[in-house]
Each structure stands twice: as structure tokens, then as C-alpha cells.
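Spelled out, the chains give:
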Amino acid sequence: MSARMAGILDEIAAFLQKEHAANPQLLGRHPSDNADMSALQLAPYMAKGLINDVARYGKQAVTGQVSDTELLPQPPLTGDAKSIADAFGSGVGKVLNYQVPSLLRGPRSAMDDISSVVNAYKSVRPGIVDAIGEPTVNRAEGAGLLGSMFIPAKVPKTRQGVGRSKERVGTTGQYVGGPAGIDSEAKLAKMYADYIGDVELGVAGRDWYKDSSDFIDKVAPEGKRQAIADITGVTSQGTNVDSNLGFAIKGINQRAAGLPVNTGRFPNNQSPLIEQALDNVRENLGPKRQPFADNLSVSWNPEMANTPVHDIWQGRAMGYMHPPSAKFPDGKPWDAGFSQQQHAFMDDSMIEIQDQLNDARAAGFNDWDALNTQAAAWSGAKIRAGDISEADAAKHYGDFADKYAVNATYEQAPGANTGQLEGILNAPFEDRLAFENAAAWQNSRGLDDIYSSGGLLSQPTNTMVGAYTPQSTGILEINPGKVARPLVQQAGGNILPSDAGLLDIAESSRAFIDVQNAGAYHKVIPDSQTKMGDRSSINLPMDGSPEPELMSQISNLAEKNGFFAVDTGDGVNFVNDIYSPIGSKRDGSTLGKELKGDLGKELESLVGSKGTRVKVQAGYEDYEAAWQAGEGSGKATTQFLDRLDQNPTFAVAIEPALKRKAAANIERDAGSSFKGRKDIQRARKILSDKGIDGLKAALAAGTILPAIAMVVLDPSILTASRQPDDSQRERT
């Protein structure tokens, strides 16, 4: 048996070896009413027996041998107690010996082991009932339940690697594991009162775990919620909320790009743990990160989230200080980890503190628990130290997500001069909106299917109004559109190259499948990473999207002044067009002068604001020439496949999403009254049925069908046909 398990059992053993008188109020008031009173012997007997069997068969799981030594001595039973125990003996022994998983495998707690025994017992209970009868089973279970009344009730969940501590040191009165000097009940009570003061100061942050968990639940790829919570826990060490999120995004996207993970404040230690989390391995998180990650899971697994996190701010709220020194006469503020005894002391203290909070209905609440109590105290300690303001106490990961969000804007009405569904651009706006919604890129959770399938965090897709002017027509198009919002990391004023590569592939794929003249994305770079001279674009916050007519006016104003106007769903960005005569000469300084002149006046008149100067990084996937090469050319298909080849790992991950959308477009366009290109439909059919490799094989076969061959290939001969393909999509 491991030292850890032995330590846990020793504490229980020490208590059970004491003499306990039966509670007279319980006599005759349990399911063993018709048993003689000797059945009460079963309470401590069954508790001790469970401990002995866990130890006995735990040893067998490791050594292959069953120990004959009892950890706790068992007194002889008499009367009904002996009859019941004898009847149970063979059945329960079989359960523990053969049907309980290895008790010592992995980072299991005592409660894990007991849960295994209970679950195994439930599985064989019907057989025991058949053998000895329902009444006898009920009597045994009823008496056995009394065992819990002989064991202290307020025992918090035992964290990995943390045992319980003794309560007081006999010689000094110091509470074991407590802050130095906590050696009397009065001082302990003051410590609780001071902690409660931090709770009340930081009450705005009491829902921080729930809000953060809701955010992870909302943005995580399907099936990866726990992994994302664990990664966030890993990268939390020594960081604020913003940096914590940024480190997590970087590691997640590195994995999505097929790169080794290298992120975090302590990358050598944290990067392997992130890799493990993405492989659904969470055994090595440790006594601080494990509870933190568990608490971030409260939205989808509330039973797992019940242990407070003991970091340096929790320690400071509890009153821990380093010893006084010349530099810190009152003691240096706590900045270290905690021992097992300190963890145990804080676990016990939190139970008492939250009881006091609930009894007093502190801040008007009576639902204080381990999570919201610690979250409020953490906020209060940070406010008291001057690290955050009271207004910032409630800020969680979701409040910083926009800093990392890309605006990947797209439309679905096929581009002008592509030859696909010609005439649709003249249809009413509402009809084009219905066309777009008939084959959406969003998954069932409202996230973009490409980025979510590819493994990136993504905020829910926004609705927007697109404005685009093809070179071939020179005519502004205003179409309904959407904004995918994947989260990426930036450094030094630019999106990380590996993240930008994923965006290029995603938007190229989208443009191909939807037959757009271009695919594009842009991102506002945080001011903290830029200089004023870099900020040659304008951010115009708005309440939602502008109406199509207003968007047309905004776009005309932007184009006249050397910008692209891009609606993001909650504002419009004027992205500097470096290829225009005006935009090529613009920097942040000259833009400032423009905003003081006519441009600023026109913006004020049109949208009520001059906006804010920002740096914008944009990506653009141009398909216009490929589509205009004509039906059967294969130009668009080649461009699409070449871009996918730049990152095979990401290409494989997003392939299911691309196949789904290709199939949806086939079905949607088949019901359209507008004429479609046969090569586009064939390319979509190959992609949806045969995937990326099937499309490559068809292109390599060189069987380009002429435009007059208006046939749809049978899937059985797809590999012998070279499919020209096209897909486009219009966007800015």
C-alpha cells in the first residue's frame, strides 16, 4: 500500500480506535428496528472492515498477494450483527477482490476508492438479496449507515497528494498548517473575520469561476471542454487573467498547427502538461492546478468543482506572511507554494468561513460555497494590494477574449463574374439572407465549423453586412454575411505566423467552397503592442450592424479615402488599403490629421463618431482570377489544394467541416432557380464524398471535362476524373 493511502487511513484509524457510545436517540429508529441491539455493532465494524479491505486488496493489486494483516483490529460480533456480517462476508469479499479496479492506480483519493467499492457493491447487490433476502440486506445497510455518524461530518474533498493535518500543537497551541502566530481560538476567529473582509471587498468577483467556466463551455471545440479547462489551469501559474488566456490560446493553436507546444510563463514545465491535457490526460496537474481546473469545469461538471484553490492570493487573504526581515519588518507578502498541512488547514478553514458567510447572509447571499467564497476573497486580496480595481474584480476570461479575436468575415452569395448562380446578386437582400442561412458554416453551438473542427477556440459567429467591390466589375456589392471569430495570439504587433497560416487556410477553403471572389480576415492589434505611427486604420464601435443602405454609404466613404470598410457585427473597421494612392502614403500620424479634417467630420456626420486609430493586420485570399479562368480550368481547385498543403495537420482536422459544407451547398443550390456551374458542383460532390484526397486524385487525373459536357459524374468514376472546381465567396 502506498504511503499516501496509509496516511489517509491512519487518520481514520486513529478516530475509529476511540470508544464511541451509541447515540440513544437513534435506538430503534433505523431500518434494523427488528434486529436486536447487537446490530449496532455493525456501524464501526463495517467502517473498519471497509478500510481493512481497501488496504488488503490494494496490496493485492500491486503485489499480487492478499495481506492477512488487519489495519484495524475487529472485535468479535454477537447476535444479529454476527449473522448479518457472516451473510455479507462472501459477497462483499468477492466484490472487493474481483470487481474493484486497481485501488492504487493513478492519483486516486480515499473517496475515489470508497466510491469504487460502493459502485461495485451496487452491481452485485441483487445477487446478495437473492442469497440472504431483502430484509437482511436492508437491516445490514441500515446499521452500516450509522457508521457515518461516528466519523466527523465536515471533511472536504481530499486533494491529490494532500493529507489531513493535526488540529493544534500541544506545546504552543499553534494550529498546524495555519499562518504563524495563529495559536488561539481568538486569533483564529480574527483570521476568519479578516478573510471575510476580503470576501466582502471582492464580492463582485464571487461568480468568477462560473463565468469563466461558461466562457470555456461556449468557445471550446467539441469534446475539448475539460482539456481547455485543464490547459487554462496549467497556464494560470503566476499570471493575470489576460496573460493566462493568451498563454492557453498560444498552446492550443500550436497543437492545432501540428507544432510542439511551447507556451506559458514556465514553458519547460507547463508545455508537456498542455500536450497531456489535449490528449485527455490530467493526472499530473498538481494540488493547486487540479482544483483550479476542476473549478473551471463547474458549468458542465458541478460535482467535480468543490475544492478551493490555494494560490498566493488565497494565502495572503488567509494571513500567511514570510518571516520578518530588515526589508520587510512585518513580513514579506506570501509568494510561495503551500505544504500539505497548509492546504489541509485552509480546506478546513474554508468550510467554517463559508458557514459563517451563509449564516450572516453576507452581501445578501446565502449560497456561499468553496468556489464563490475563494473567488471573492481572491478579488478582495487583489483589490487590497492595489493590483486591480473594484470595477475589475468580476473580469473573467471572456472579458479579454476580444483582444484575441479575429474577424473572419464572409458572404455566401457567389461572386460576380464567377459564373455561379448568376443573377443572385440582383435578388432582394432578404432572399440572399435566406440563401446564406440555408447552408450555414456554424455548428450546432453557433461556432464556426472550420475553426472549431480545427481545434481553435472560437467565439460565436456574428451577423454582419458585407461590402465588396470586385476588380472585374468595379461595382460595390452589399450582401448579408457572417463573422467567424477564432481566437489567436499576437506578439510584437503581429499575429503569430503559425496562427496566421491557419487563418489563411481556413478562409481560402471557405472562399473555394462558397465560390467567392475572395476570402479574408482582419484583426485589430492591441495598442500595447503598437506605436501610434503603426495605427493607420480606424475602429468605429457600433451597436450591432448598420443597415444595408448605411453600410453602402460607409463603404463609399471608406473607399474614397483609401480604406476598406468591414462590418464586424458590433462595429465597423476602416482598414487602410495600402494598395490605394491615399492608403499607401498613410501612417498613424497622417491619419490623425485626416481625422481632424474632412474625414473626421464626415464620420461624425455618418456614424456619430470619429473612431479610434488602430493597427489592423489583414489576410486576403484572392480567387477572382481563378474563377474567371473558366469552367474546367481547375485553377480554383489547384489554388485551394495548394493552400491546404501548407499545413497537412490542420487540413486533416478541418476536412470533415469542409465536406459537410460542400454537401450542404450541393443541396441548397440544387433548389435554386439560378444556373450553376457544373464543374463547381462536381468538385463539391467529390469533396463531400471522397474528401481532400479524392479531389486531388481527380485533379491529377487530368480529365477536364469541357463546358458542353453537362453531366454529373458517378461517384464510382470520380477517381478517374479531374475535377475543375470553384468556390468563391465575397467578403472584405
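Above this text you will find the structure in question.
Everything numeric in this text was worked out from a predicted model, so none of it was measured.

What counts as what
- Residues numbered from 1 in each chain as written.
- Predicted model: local features only at pLDDT ≥ 70, side-chain atom pairs only at ≥ 80, totals over all residues.
- Heavy atoms only, no water.
- Helix = DSSP H or I, 4+ residues; strand = E, 2+ residues; numbered from the N terminus.
- Buried < 20%, exposed > 50% of the residue type's maximum accessible area, 1.4 Å probe, protein only.
- Contact = heavy atoms within 4.5 Å.
- Areas by Shrake-Rupley, 256 points an atom, 1.4 Å probe, with all protein chains shown as cover.
- Pairing = 2+ DSSP bridges.
- Axes fitted to C-alpha atoms, helices over the stretch in contact; angles between N-to-C directions.
- Patch = residues over 30% accessible without salt bridge, like charges linked within 9 Å, V, L, I, M, F, W, Y side chains within 5 Å.
- Salt bridge = Lys/Arg side-chain N within 4 Å of Asp/Glu carboxyl O.
- Lys, Arg positive; Asp, Glu negative; His and termini not counted.
- Charge placed at Lys NZ, Arg CZ, Asp CG, Glu CD.

Visitor: How would you summarise the overall build of the protein if you had to cite specific residues and measurements?
Guide: Counting its secondary structure elements, the protein contains 24 helices and 10 strands. Taking all 732 residues of the protein together, the buried fraction comes to 50%. By sequence separation, contacts in the protein at least 24 residues apart represent 72% of the contacts at least 6 residues apart. Accessible surface for the protein amounts to roughly 31900 Å². Of this, 52% is attributable to carbon and sulfur atoms.

Visitor: Residue-level account of the sheet that holds strand β1 (residues 408–411), with values.
Guide: Taken together, the 3 strands give an open sheet; going across it, the order is β1-β3-β2, and neighbouring strands pair in antiparallel fashion. Two strands bound the open sheet, and with one partner strand each, they are β1 and β2 (458–468). Along the sheet, successive strands turn relative to each other by an average axial angle of 30°, direction set aside. For β1 and strand β3 (residues 477–486), the ladder comprises 4 bridges, and the chain directions are antiparallel.

Visitor: Go over a positive patch on the surface, please, and point to the residues and values.
Guide: Together, Lys-593, Lys-596, Lys-601 and Lys-610 make up a positively charged patch on the protein surface. One can find Lys-601 in helix α20 (residues 598–607). Here Lys-601 falls in the exposed class, since its relative accessible area comes to 58%.

Visitor: Could you give me a rundown of the sheet that holds strand β10 (residues 612–622), with the residues and numbers involved?
Guide: Strand order across the open sheet formed by 5 strands is β6-β10-β7-β9-β8, with antiparallel pairing between neighbours. Looking at which strands have only one partner, the edges of the open sheet turn out to be β6 (518–525) and β8 (563–567). Taking each pair of neighbouring strands and ignoring which way they run, the sheet shows an average axis angle of 30°. As judged from the 5 bridges shared by β8 and strand β9 (residues 571–576), these two strands associate in the antiparallel manner. If you follow Ala-565 over to β9, its bridge partner there is Phe-574.

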